Amino acid sequence: MITSDSTSPTSQVLEEYWRVRLAEAETNYEATTLFYRNLMREADGLHDDEALAAARQAQSEALTEYGQVLKVFTEVTGKMLEDQSVGTSGSL
């Protein structure tokens, strides 16, 4: 018999997959931000506009990816929480 208060193995795998993707996206965003900031500090007065623009673009893309992954992760985990509460509320 399957209990309604337990998370299915498939749900756990799905949540873990998106948790890992979220951590990777966050790490990538932090790395691109650090690179951009360091480049700005080093380029002070040198005006290497092309390198700064490329670093800023990479940071922007990393932030967009992080936002997208965070949205999916939130939807996936929120849906699982809804399913759990529907399953447990039906047993009252």
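Data block above holds the structure.
Everything numeric here is computed off the predicted structure, so don't read it as measured data. (Residues numbered from 1 in each chain as written. Predicted model: local features only at pLDDT ≥ 70, side-chain atom pairs only at ≥ 80, totals over all residues. Heavy atoms only, no water.)

### Re the overall build of the protein
Okay, so step 1: The number of helices and strands found in the protein is 2 helices and 0 strands.
Okay, so step 2: Evaluated residue by residue, the protein yields a buried proportion of 18% over its 92 residues.
Okay, so step 3: Long-range pairs, those at least 24 residues apart, make up 78% of the contacts in the protein with a sequence separation of at least 6. (Helix = DSSP H or I, 4+ residues; strand = E, 2+ residues; numbered from the N terminus. Buried < 20%, exposed > 50% of the residue type's maximum accessible area, 1.4 Å probe, protein only. Contact = heavy atoms within 4.5 Å.)

### Let's talk about the side chain of Gln59
Okay, so step 1: With respect to the secondary-structure elements, Gln59 resides in helix H2 (residues 49–89).
Okay, so step 2: Exposure remark for Gln59: the relative accessible area of 8% places this residue in the buried category.
Okay, so step 3: For Gln59, the side chain forms a polar contact with the side chain of Arg56, separated by 2.7 Å.
Okay, so step 4: When sequence neighbours within four positions are dropped, the list of residues in contact with Gln59 reads Tyr29, Thr32, Thr33 and Tyr36. (Polar contact = N/O pair within 3.5 Å; in protein donor to acceptor, adjacent residues only side chain to side chain.)

### A closer look at the nonpolar core
Okay, so step 1: Trp18, Leu22, Ala25, Val69, Phe73, Val76 and Met80 form the largest nonpolar core, which has 7 residues in total.
Okay, so step 2: The set of elements that each furnish at least two residues to this core consists of helix H1 (9–42) and H2.
Okay, so step 3: Once you skip the residues sitting within four places of it in the chain, Phe73 turns out to touch Glu15, Trp18, Arg19 and Leu22. (Core = buried A, V, L, I, M, F, W, Y, C linked by side-chain atoms within 4.5 Å.)

### Concerning the packing of aromatic side chains
Given two aromatic rings, their pairing is described by the distance between the two centres and the angle made by the two planes.
Okay, so step 1: Counted under the stated rule, the structure contains 1 aromatic pair.
Okay, so step 2: The ring of Tyr36 has Arg56 lying over it, and the distance from NZ or CZ to the ring centre is 5.9 Å. (Phe/Tyr/Trp six-rings, centres within 6.5 Å; stacked < 30°, edge-to-face > 60°. Lys NZ or Arg CZ within 6 Å of the ring centre and 35° of its normal.)

### What to know about the environment of Tyr36
Okay, so step 1: Mapped onto the fold, Tyr36 is located in helix H1.
Okay, so step 2: When its relative accessible area of 18% is taken as the criterion, Tyr36 is described as buried.
Okay, so step 3: Along the primary structure Tyr36 and Ala54 are separated by 18 residues, whereas in three dimensions their C-alpha atoms are 8.9 Å apart.
Okay, so step 4: In this structure Tyr36 touches Leu52, Ala55, Arg56 and Gln59, once residues within four positions along its chain are discounted.

### Thoughts on the environment of Val69
Okay, so step 1: Looking at the element boundaries, Val69 is found in helix H2.
Okay, so step 2: Taking relative accessible area as the criterion, Val69 reaches 4% and is therefore assigned buried.
Okay, so step 3: Sequence separation of Val69 and Glu24 is 45 residues, and the distance between their C-alpha atoms is 9.7 Å.
Okay, so step 4: With residues up to four places along the chain from it excluded, the contact list for Val69 reads Trp18, Arg21, Leu22 and Ala25.

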